[in-house]
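As a plain string of letters, each chain reads:
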Amino acid sequence: MLIKTVFSGFGGQGIILMGYLLATGGMYEGKNVTCLPSYGAEVRGGTANCTVVISKEEIASPVASEPDYAVVMNTPAMVRFQNQVQTGGIIFINSSLIEIRPIRGDLEIIEVPLNELSKQLGGNKATNMIMLGTFIRKTGLVSLETMINVIKDTFGNRPGIFKLNKTALSIGYNYLE
Amino acid sequence: MKKVFSRPKSIKKNPFHYCPGCGHSIIHRVIGEVIDELGIQEITIGVPPAGCAVLAYFYFDVDMGEASHGRAAAVATGLKRALPDRIVFTYQGDGDIAAIGTAETIHAASRGENFTTIFVNNGVYGMTGGQMAPTTILGQNTTTSPGGRKERRDGFPIPLSEMLAVAKGSAYIERTAVNSPSNILKTKRAIEKAFRAQMRGLGFSLVEILSPCPTNWKMSPVEACHWIDEVMVKHFPLGVIKDITGEKKDVN
Amino acid sequence: MRGNHVIAEAAIRAGCRFYFGYPITPQNEIPEYMSERLSKIEGGVFIQAESEIASIHMVIGASMAGGRVMTSSSGPGISLKQEGISFLSALELPAVIVNMSRGGPGLGNIAPSQSDYFQATRGGGHGDYRTIVLAPNSCQEAGDLTYKSFDLADKYRIPVLILGDGMLGQMMEPVELPPEIPVKRLPPKEWTITGAKGRPSRFIRSLILDPFEEEEHNWKLMRKYEKISKEELLWETFSIEDAKMIVVAFGTAARIAKGAIKRVREEGLKVGLFRPISLWPFPTKILKEISRKVKHLFVFEMNMGQMVEDVKLAVDGGAEIHFYGRPGGIIPTPLEISRIISSYYYQKKLG
């Protein structure tokens, strides 16, 4: 098992955090992980992306040639990564922001209306966490319990933020029911 | 018979290599006397420069660590931060401190680094053969300012000590000279005051010393001493430039 | 943990109490982490210096005083530090210097690149000298090698360079950190400048005007370098037993190469990996031995071809050498490299 995921979107959408949390979840479940973010000026306002590899064996390259999954949060991300995902892979699309759709027929497409879903949280909040919830539900890459633990360890000292993120995660998780 | 004059303990028994009439040997001796009188030979660390005084470690009988050209303030920062209870001094010429090492010096003063700098100002690059220095005064002839330094061509000399006095982290700054016995005594008192400021942890201290360089000034030693009085001090006035030590001012 | 944080934490655990630096991407996490950590340790000193030049000379001062000391930077900043690195070498002072290199020359960019290989392995500044250069390829190794580099620096009184790149610095991987060494338990140094209390005064200098004395100083350094070249070699091999072709790559490029090799192995190509970890000393002898059996070496670097010269020197005509490089901060994918490898493999009729 060697699963490569690319997260991509605007800087500020919490792209790197999604990758970090997923990688940490993989680590909590005893797997090898790498998390390779874009950095520097690129992450401020421009397009940010983050590659996460989760594997039972040693991970050779943290760079993904053909990711299994792509999570695209804006249109440029979609344009950039739709052709890189391997056959049979899944693209998770932020359908509130992205109007176009991949023309490839060999991929599964999961559309998540993040803005609409985040209304339950009282506005455009924690959309990255909603997406992450949907992502782990669909892929089963890490369990919901693990991810809640990760969020707890990451935001535990800020109870308000922890609660918000946890709620957002379950909204996304339950969206696929 | 009572011995009334001898070599300071902090100066080694090596004959100085400096030119006749050069101020370095006097300044070395004066520093040695101050180190002896303050009883700090065993805890003093010197940082010699690149320049005529590069071999200062052959003369000072204290621990010495060589710095590259202009970097003495940075090396001294590393030493003093690692060994805060030692007395650290740098010994630098005008080219070293006011040209290539300007940034290191100003920032060390600004951080209030607690060491002492002895700044020997003779207005030329001595070791390399008398080229124009940042402190060469207007009109002064050097091998790279033929016909005398001109502001349009060569820019103005840099009043480094005055600039350093503006820095919030500097504690004591004085300009002296070693061209006469009374000036030498004043220099000694200034150095002692600077070391004491360091011992009290007050921050950056510096003594700028106008020093004769007869060889590169193309003068006799006596002429060079007169030239300091007659010309150089007009551009670099002697006296205390900054003093936050609260110690009593010298009467003379 | 992020690579840059791992390096900083490993340094602290190795007893590093002095850090002097200047901001430059992609290594800023190191000074940020050090400023936080050192401010909470008694005797810890962190200074954000006015320049790279000042910071490396502060390193010299703290090293003269006997401390374990580190600085870090990236390409353009390392160029500025070269003056101090030459002095550290001449003065025989231990120090650890991290270069999270980036695309160059000039300002270049902040993307990962291996374009500083020559600068790192040839000394980099003026004069006849070498520094130990270690090139980790994972966060774990970044920590382990940083930790080790402080011991090497003290053992040989030599600056040690950690050569990484933006990818290593920014990448996050789980890491097991080494235990913390109490500074008091570090071996004493007999040459430091600490004030001449109860002993004759000492000086540390690099100016040696007499050419005969300077020559002897150079020979002394040379003898030290020869000892290091024999005793401090580090490398890794992967799948070389049956290999008909071996990829030679270091650092980040070796990670990508390994991914590529796994791909071509699935297609039945007999390809292995040789990864120098110590870039200086370069593992020349072992590579020479390998070239007796394997006649095709494929050198892959994220530059225009620098380590390939050391590979050629090592095998000395004993094998055919092919080079593929991507300069400028491009990170090739394992897929791209696997295609180049297989095309070369079939051209040479190895499969």
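A quick note: this is a predicted structure, and the numbers were derived from the prediction, not measured.

Within chain C, the regular secondary structure consists of 12 helices and 13 strands. In terms of C-alpha radius of gyration, chain C reaches 21 Å, essentially the compact-globule figure of 20 Å for 351 residues. Looking at the 351 residues of chain C, the share that counts as buried comes to 61%. Excluding contacts between residues fewer than 6 apart, the proportion of contacts in chain C whose partners are at least 24 apart in sequence is 79%. Counting only carbon and sulfur atoms, one obtains 54% of the accessible surface of chain C, whose full area is about 13200 Å².

Turning our eyes to something else, we now look at the sheet that holds strand 9 (residues 245–248) of chain C. Residue and element names in this part refer to chain C. Across the sheet, five strands lie side by side as 8-10-9-12-13; this open sheet has mixed pairing. Two strands lie at the open edges of the sheet, namely strand 8 (235–238) and strand 13 (320–325), each paired on one side alone. Neighbour-to-neighbour, the strand axes of the sheet open up by a mean angle of 20°, direction not taken into account. The sheet strands contacting helix 9 (residues 251–266) are strand 8, strand 9, strand 10 (271–276) and strand 12 (296–301), and the helix crosses strand 10 at an angle near 170°. In the packing of helix 12 (residues 334–347) onto the sheet, the strands contacted are strand 9, strand 10, strand 12 and strand 13, and the crossing angle to strand 13 comes to about 155°.

Residue and element names in this part refer to chain C. The domain architecture assigned to chain C consists of domain 1 (3–195 + 218–231) and domain 2 (236–347). If you look at the interface, domain 1 gives 32 residues, while domain 2 gives 25 residues. When domain 1 packs against domain 2, the two sides together hide about 2400 Å² of surface, and 55% of this comes from carbon and sulfur. The three residues of domain 1 that bury the most area against domain 2 are Gln114, Tyr117 and Asn137, which together make up 32% of that side's buried surface. Measuring nitrogen to oxygen at the nearest pair gives 2.7 Å for the salt bridge that ties Arg255 to Glu173. Taken together, domain 1 and domain 2 are joined by 18 residue pairs in polar contact (both at pLDDT 80 or more).

Per-residue pLDDT for chain C averages 97, and the proportion of residues at 70 or more is 100%. For this predicted complex, the interface score ipTM comes out at 0.93, alongside a pTM of 0.94.

Ranked by internal contacts, the top residues of the largest apolar core, which has 138 residues, are C:Met34, C:Met70 and C:Phe300. The residues that make up this core include at least three from each of domain 1 (3–195 + 218–231) and domain 2 (236–347) of chain C. Look past the residues within four positions of C:Met70 in its chain and what remains in contact with it is C:Ile7, C:Ala11, C:Cys16, C:Phe18, C:Tyr19, C:Phe20, C:Ile30, C:Met34, C:Val59, C:Val96, C:Val98 and C:Phe150. In terms of nonpolar packing, the next biggest core, distinct from the first, is built from 43 residues, A:Leu114, A:Ile130, A:Ile151 and A:Leu169 among them.

Residues and elements named next belong to chain C. Within this structure, the stated rule accounts for two cavities of 30 Å³ or more. Taken as a whole, the largest cavity holds about 50 Å³ of empty space. As for the largest cavity, its lining consists of Ser101, Ser113, Gln114, Pro136, Leu163, Gly164, Asp165, Phe250, Gly251 and Thr252. Among the elements of the structure, strand 6 (159–165) and helix 9 are those that each provide at least two residues to the lining of the largest cavity. Per element, the largest residue contribution to the lining of the largest cavity is three residues, and it comes from strand 6. By residue class, the composition of the lining of the largest cavity is three nonpolar, six polar and one charged. Three or more residues apiece are contributed to the lining of the largest cavity by two domains, here domain 1 (3–195 + 218–231) and domain 2 (236–347).

The next subject is the pairing of strand 13 of chain C. All names here are of chain C. The sheet contact formed by strand 12 and strand 13 spans six bridges and is parallel. Its bridge partner lying in strand 13, Phe298 is registered against His322. Where the polypeptide runs from strand 12 across helix 11 (residues 307–315) and back to strand 13, its parallel neighbour, the crossover connection is right-handed.

Below, the discussion takes up the pairing of strand 5 (residues 90–94) of chain A. Residue and element names in this part refer to chain A. For strand 5, the buried fraction is high: five of the five residues fall into the buried class. On strand 5, burial covers both faces: Ile90, Phe92 and Asn94 on one face and Ile91 and Ile93 on the other are all buried. The pairing of strand 4 (residues 69–72) with strand 5 spans four bridges and is classified as parallel. Paired with Val71 across the two strands is Phe92, which belongs to strand 5. Tracing the backbone out of strand 4, into helix 2 (residues 75–81) and back to the parallel element strand 5 gives a crossover that is right-handed. Two strands pair when backbone bridges link them, and strand 5 and strand 6 (residues 108–112) are joined in this way by five bridges, in the parallel orientation. When the bridges of strand 6 are listed, Phe92 appears paired with Ile110.

The partner chain B presents 33 residues to the 33 residues of chain C that form the contact. The largest share of the area that chain C buries against chain B comes from C:Glu50, C:Ser201 and C:Phe203, three residues that together contribute 20% of it. There are three salt bridges connecting chain C and chain B. For C:Arg199, the salt bridge is made with B:Asp63, and the minimal N-O distance between the two is 2.6 Å. Applying the counting rule to chain C against chain B returns 16 residue pairs in polar contact (both at pLDDT 80 or more). If you list the elements that add at least two residues to the side of chain C that touches chain B, you get strand 1 (18–21), strand 2 (45–48), helix 3 (52–64), helix 4 (75–91) and strand 7 (203–204) of chain C. Ranked by the residues each element gives to the side of chain C that touches chain B, the list is headed by helix 3 of chain C, at eight residues. Residues of the side of chain C that touches chain B, tallied by class, amount to 18 nonpolar, nine polar and six charged.

A word on the interface of chain C and chain A. By a widespread convention, an interface's size corresponds to the accessible area lost as its parts come together. Every contact between the two is made by 24 residues of chain C and, on the other side, 20 residues of chain A. Summed over the three residues of chain C that lose the most area to chain A, namely C:Met172, C:Pro174 and C:Arg255, the buried surface amounts to 31% of that side. Our count for the contact surface shared by chain C and chain A stands at two salt bridges. The shortest N-O distance in the salt bridge between A:Glu66 and C:Arg263 comes to 3.2 Å. Scanning the region where chain C abuts chain A turns up seven residue pairs in polar contact (both at pLDDT 80 or more). Counting residues per element, the ones that place at least two in the side of chain C that touches chain A are helix 7 (166–170), helix 9 and helix 12 of chain C. Among the elements that take part in the side of chain C that touches chain A, helix 9 of chain C stands out by supplying six residues, more than any other.

Turning our eyes to something else, we now look at the arrangement of the chains. Across the two pairs of chains that are in contact, the largest number of contacts falls between chains B and C. For chain A and chain B, which are not in contact, the least C-alpha distance works out to 28 Å.

This part covers the side chain of B:Ser170. All names here are of chain B. Locating Ser170 in the fold gives a position in strand 7 (residues 170–177). A distance of 2.9 Å separates a polar atom in the side chain of Ser170 from the backbone oxygen of Leu164. Ignoring sequence-local partners within four residues, the contact set of Ser170 consists of Ala109, Leu164, Ala165, Phe204, Lys242 and Ile244.

Residue and element names in this part refer to chain A. Read across the sheet, six strands follow the order 2-3-1-4-5-6 without closing on themselves; strand pairing throughout is mixed. Whereas interior strands pair on both sides, the edge strands pair on one side only; in this sheet they are strand 2 (32–37) and strand 6. Geometrically, the sheet is characterised by an average inter-axis angle of 15° between neighbouring strands, direction not taken into account. Where helix 4 (residues 127–139) meets the sheet, it contacts strand 1 (2–10), strand 4, strand 5 and strand 6, and its direction lies at approximately 160° from that of strand 5.

Quick look at the packing of aromatic side chains now. Considering all chains together, one arrives at 21 aromatic pairs over all chains under this definition. Ring centres of A:Phe7 and A:Phe135 lie 5.7 Å apart, and the angle between their planes is 55°; this geometry places the pair in the tilted category. Separated by 128 residues along the polypeptide, A:Phe7 in strand 1 and A:Phe135 in helix 4 bring together distant segments of the chain. Among the residues examined, A:Phe135 registers a relative accessible area of 0% and is labelled buried. Taking 5.6 Å as the distance between ring centres and 5° as the angle between the ring planes, the aromatic pair formed by C:Tyr19 and C:Phe46 counts as stacked. A residue pair is termed long-range when its members are at least 10 positions apart, and C:Tyr19 in strand 1 and C:Phe46 in strand 2 qualify at 27 residues. Directly above the aromatic system of C:Phe238 lies the positively charged group of C:Lys258, at a separation of 4.9 Å from the ring centroid.

Conventions adopted
- Residues numbered from 1 in each chain as written.
- Chains lettered and ligands numbered in written order.
- Predicted model: local features only at pLDDT ≥ 70, side-chain atom pairs only at ≥ 80, totals over all residues.
- Heavy atoms only, no water.
- Helix = DSSP H or I, 4+ residues; strand = E, 2+ residues; numbered from the N terminus.
- Rg over C-alpha atoms; globule rule 2.2 N^0.38 Å.
- Buried < 20%, exposed > 50% of the residue type's maximum accessible area, 1.4 Å probe, protein only.
- Contact = heavy atoms within 4.5 Å.
- Areas by Shrake-Rupley, 256 points an atom, 1.4 Å probe, with all protein chains shown as cover.
- Pairing = 2+ DSSP bridges.
- Axes fitted to C-alpha atoms, helices over the stretch in contact; angles between N-to-C directions.
- Domains from an automatic or database assignment.
- Buried area = accessible area lost by both parts, 1.4 Å probe.
- Salt bridge = Lys/Arg side-chain N within 4 Å of Asp/Glu carboxyl O.
- Polar contact = N/O pair within 3.5 Å; in protein donor to acceptor, adjacent residues only side chain to side chain.
- pLDDT = per-residue confidence, 0-100.
- Core = buried A, V, L, I, M, F, W, Y, C linked by side-chain atoms within 4.5 Å.
- 1 Å grid on protein atoms, 1.4 Å probe; cavity = no way out; pocket = protein on both sides within 12 Å on 5 of 7 lines; lining within 4 Å.
- Points joined across faces, edges and corners; volume = space filled by probe spheres on them.
- Nonpolar A, V, L, I, M, F, W, Y, C, P; charged D, E, K, R; others polar.
- Right-handed = clockwise from strand over helix to strand, strands pointing away.
- Phe/Tyr/Trp six-rings, centres within 6.5 Å; stacked < 30°, edge-to-face > 60°.
- Lys NZ or Arg CZ within 6 Å of the ring centre and 35° of its normal.

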